[in-house]
Amino acid sequence: MKSFLIILLVIFSFLSFGQDGNNVLIVTKEGMKNIPAYIREGTVYFSLKDFADALVINYYYNEDAQKIELKFDRYSLKASAKNPFFILTEKNTSVQTVIQLPTSTYLINNKVFVPLKYGLSTLSLAYGKDLSFEAPNKILIGKVKDESITTETTGDFNITGIALDEKANGTLIRIKSNKRIPSYHSAFKNNTLILTFRKVKVDAEKVKFIGEEGVVRKIDAKNIGDDAVFEITVSKEYTTNEVINIEKSNDLQITIHNKLFKKNENINRLKDKWEFDVIVIDAGHGGKDAGAIGVNGAKEKDINLSIALKLGKLIEENMKDVKVVYTRKTDIFIDLYKRGKIANENNGKLFISIHCNSTPKKPTDANGFEVYLLRPGRTKEAIAIAEFENSVIQYEENPNRYEKLTDENFILVSMAHSSYMKYSEKFAEYLHKEFVKHPGLNSRGVKQAGFYVLVGASMPSVLIESGFLSNSGDAKHLSSDSGQQKFAEYVFNGIKKYRESYELEMQSE
Ligand SMILES: [Zn+2]
């Protein structure tokens with residue numbers, strides 16, 4: 001069957017320019033996919049990596065070098081972050097063309113964002129399909145320019161592509177499959193990792209790779225009997241590999257680790273590093289900074305402290321092997337950056353910042369518990385909450401020490417937090433699951449926003465908005481001794497569940 005893609009790009013602008021939350025919609029014959037977009041001075045930028053993922057285009061991404069190479073049938077296209085050049089290479093002739101765009105690309109959340117209206121013609125040429133952009137409700141229809149070039153239909157093949165992601169400690173290879181791969185077998189000899197995937201067929205031409213840097217140097221594949229056999233040639237830097245199924249997908253992810261990974265592992269403080277032995281509890285606000293004021297007159301700083309102390313006591317009594325560190329135990333003011341510092345100096349393995357929510361309009365119907373991860377805010381509400389919590393730096397002597405959490409700054413922050421984020425997510429999820437069962441508080445789920453207090457803590461960390469002090473029900477509940485005790489118990493149950501899963505994972509590694 002001939003396939004041509006119909007690509008429709010619609011820009012949704014949920015927020016003001018330069019904010020997060022914009023998307024480009026890619027519509028193909030098979031369905032629609034949203035990819036992140038970014039608007040700067042009226043120009044729409046989109047993530048090349050997500051574009052490739054959405055259209056199942058092979059790519060090689062080097063996170064350190066901040067460059068991405070899309071591998072089309074006839075061309076490869078290279079783009080780098082903060083750089084106005086595309087390098088287009090025709091595969092057969094190796095002829096390179098350098099295309100200068102009128103603006104540079106951006107690096108956002110570790111991805112290269114390219115300007116839509118300037119980048120599309122080059123992409124169209126490289127892809128071999130018509131891509132065009134129409135304002136304002138931007139429709140872009142593409143069809144195959146030269147059918148002799150593209151071999152979009154892959155017939156009986158299951159594995160139809162790969163994507164490589166270069167990281168500091170190794171390379172991630174995503175094996176794109178349209179069928180669940182039931183099992184695999186791996187062997188290593190002569191610098192070659194041989195992975196046999198059972199009962200799937202690979203489109204060998206589509207997964208070929210030759211690299212000059214990184215731990216993966218060459219990928220070849222062939223079909224032997226019912227199986228697809230991958231041969232991955234690696235450099236001397238190779239140490240170990242692991243293969244995992246990607247959630248909600250038939251794809252597999254192979255991680256090829258280099259020596260840097262091994263080195264980290266060999267530092268045998270690994271156990272110390274990961275042992276779940278210190279929990280840092282941060283009662284938000286304090287002293288001259290009261291935080292939000294409840295409809296019943298209750299001060300956020302007092303409720304935060306009461307819950308923090310009650311939670312700490314529960315941990316001390318029921319997890320005798322875990323030390324509790326408090327950023328404050330009394331009604332005093334502490335700079336936001338110092339809270340993270342205290343956590344780091346005590347080698348915390350979990351950081352919990354306790355706050356209460358409020359809305360500008362009081363009283364309000366909005367109510368319930370929320371748990372926040374440190375990531376760019378996705379909704380107006382989340383952004384406003386982070387702004388409120390961050391605004392306490394006005395009480396500090398040197399508020400200029402905090403770098404505004406713009407998209408660009410978030411890249412640095414998320415890099416520093418990348419190794420913990422998975423655990424922060426897990427803990428947040430456990431908390432949410434506990435609070436769903438809470439009889440007196442509604443759980444509004446796991447959210448994300450840019451809280452300064454979480455930036456400084458080098459460990460899995462969350463910020464809890466216990467409930468809305470602007471809501472009379474929540475305010476009453478959270479002001480009472482029994483309500484605070486109950487709240488602490490639910491957090492403690494979340495910690496217990498998280499600890500079990502965390503320790504199980506550490507054991508199996
Ligand atoms: Zn607060």
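Residues numbered from 1 in each chain as written. Predicted model: local features only at pLDDT ≥ 70, side-chain atom pairs only at ≥ 80, totals over all residues. Heavy atoms only, no water.

1. Regarding the overall build of the protein
Threshold: What counts as a helix is a DSSP run of H or I of at least four residues, what counts as a strand is a run of E of at least two, and both are numbered from the N terminus. The method behind every accessible area is Shrake-Rupley, applied with a 1.4 Å probe, and residues are considered shielded solely by the protein chains displayed.
Across its full length, the protein carries 11 helices and 26 strands. In the structure as shown, the protein presents an accessible area of about 24000 Å², 50% of it carried by carbon and sulfur atoms.

2. Observations concerning helix α6 (residues 336-345)
Defined as follows: For the exposure calls, accessible area comes from a 1.4 Å probe over protein chains only, and a residue counts as buried if that area is under 20% of its type's maximum, exposed if over 50%, partly exposed in between. The directions from the helix axis to the C-beta atoms are what the arc is built from. Only heavy atoms matter for contacts: two residues are in contact if any of them lie within 4.5 Å across the pair.
Every buried residue of α6 is listed here: Leu336, Arg339, Gly340 and Ala343. The arc that holds every buried residue of α6, seen down its axis, measures 95°, which confines them to one face. Where α6 is buried, its residues meet β21 (278-283), β23 (350-357), α7 (380-390) and α9 (452-455). Note on α6: the residue one or two positions beyond its end, Asn347, has a positive phi of about 50°.

3. Some remarks on the sheet that holds strand β14 (residues 184-189)
In a beta sheet, neighbouring strands are held together by backbone hydrogen bonds and run either parallel or antiparallel to one another. This is how the line gets drawn: Here, strands pair whenever DSSP counts at least two bridges between them.
Read from one edge of the open sheet, 5 strands run β14-β15-β18-β17-β16, paired in antiparallel fashion. Edge strands, defined here as strands with exactly one partner in the open sheet, are β14 and β16 (209-210). Bridge count for strand β17 (residues 216-224) against strand β18 (residues 227-234) is 8 bridges, and the pairing is antiparallel. Residue Val216 lies in a different strand from β18, and its bridge partner there is Val234.

4. What to know about the coordination of the zinc ion
Going by this rule: Each metal's donors comprise the N, O and S atoms found within 2.8 Å of it (within 3.2 Å for Na, K or Ca). Water is not part of the atom list, so some coordination spheres may appear incomplete.
Around the zinc ion, the donor atoms from the protein are His285 (NE2), Glu300 (OE), His355 (ND1), Glu389 (OE) and Glu389 (OE), and they sit 2.0 to 2.5 Å away. Sequence positions of the donors to the zinc ion reduce to the motif H-x14-E-x54-H-x33-E. Taken as a pair, His285 in the loop between β21 and α5 (300-318) and Glu389 in helix α7 lie far apart in primary sequence, 104 residues in all. With relative accessibility at 2%, the residue His285 sits in the buried group.

5. Structural notes on unusual backbone geometry
The linkage connecting Lys362 with the following residue, Pro363, adopts the cis geometry, with an omega of -10°. For Pro363, the location among the structural elements is in the loop between β23 and β24 (369-374). Positive phi is not limited to glycine here, since Lys82 has a value of about 55°. Secondary-structure assignment places Lys82 in the loop between β7 (75-80) and β8 (85-90). The class of Lys82 is exposed, set by a relative accessible area of 57%. The residue His285 is not glycine, and still its phi comes out positive at about 65°.

6. Here we look at the packing of aromatic side chains
Rules: Aromatic contacts are taken between Phe, Tyr and Trp rings whose centres are within 6.5 Å, Trp giving its six-membered ring; a plane angle under 30 degrees counts as stacked, one over 60 as edge-to-face, and the others as tilted.
Inspection of every chain in the model, using the stated rule, returns 20 aromatic pairs. Both rings, one in Tyr38 and one in Tyr45, keep their centres 6.3 Å apart while their planes meet at 55°; by these two values the pair is tilted. Accessibility expressed as a relative area gives 1% for Tyr38, which makes it buried. Between Phe197 and Phe230, the aromatic rings sit 5.4 Å apart at their centres with planes inclined by 80°, giving edge-to-face as the arrangement.

7. Considerations on the pairing of β7
Of the strand pairs in this sheet, strand β6 (residues 67-71) and β7 are connected by 5 bridges, and their pairing is antiparallel. Among the inter-strand pairings, Glu69 is bridged to a residue of β7, identified as Lys78. Adjacent in sequence and paired antiparallel, β6 and β7 are bridged by 3 residues. Where β7 and β8 come together, 5 bridges link them in antiparallel fashion. What sits directly across from Ala79, in β8, is Phe86. From the end of β7 to the start of β8, which pair antiparallel, there are 4 residues, and Lys82 there has a positive phi angle of about 55°.

8. A few points about the side chain of Asn357
Worth spelling out the cut-off: Under this definition, polar contacts are N or O atom pairs within 3.5 Å; protein pairs additionally need one hydrogen-donor-capable and one acceptor-capable atom, and for neighbouring residues in sequence, both atoms have to be side-chain atoms.
Following the sequence through the fold, Asn357 ends up in strand β23. A relative accessible area of 2% places Asn357 in the buried class. At a separation of 3.0 Å, a polar atom in the side chain of Asn357 contacts the side chain of Glu370. When near neighbours in sequence (up to four residues on either side) are disregarded, Asn357 contacts Glu370, Ile385, Glu465, Gly467, Phe468, Leu469 and Ser470.

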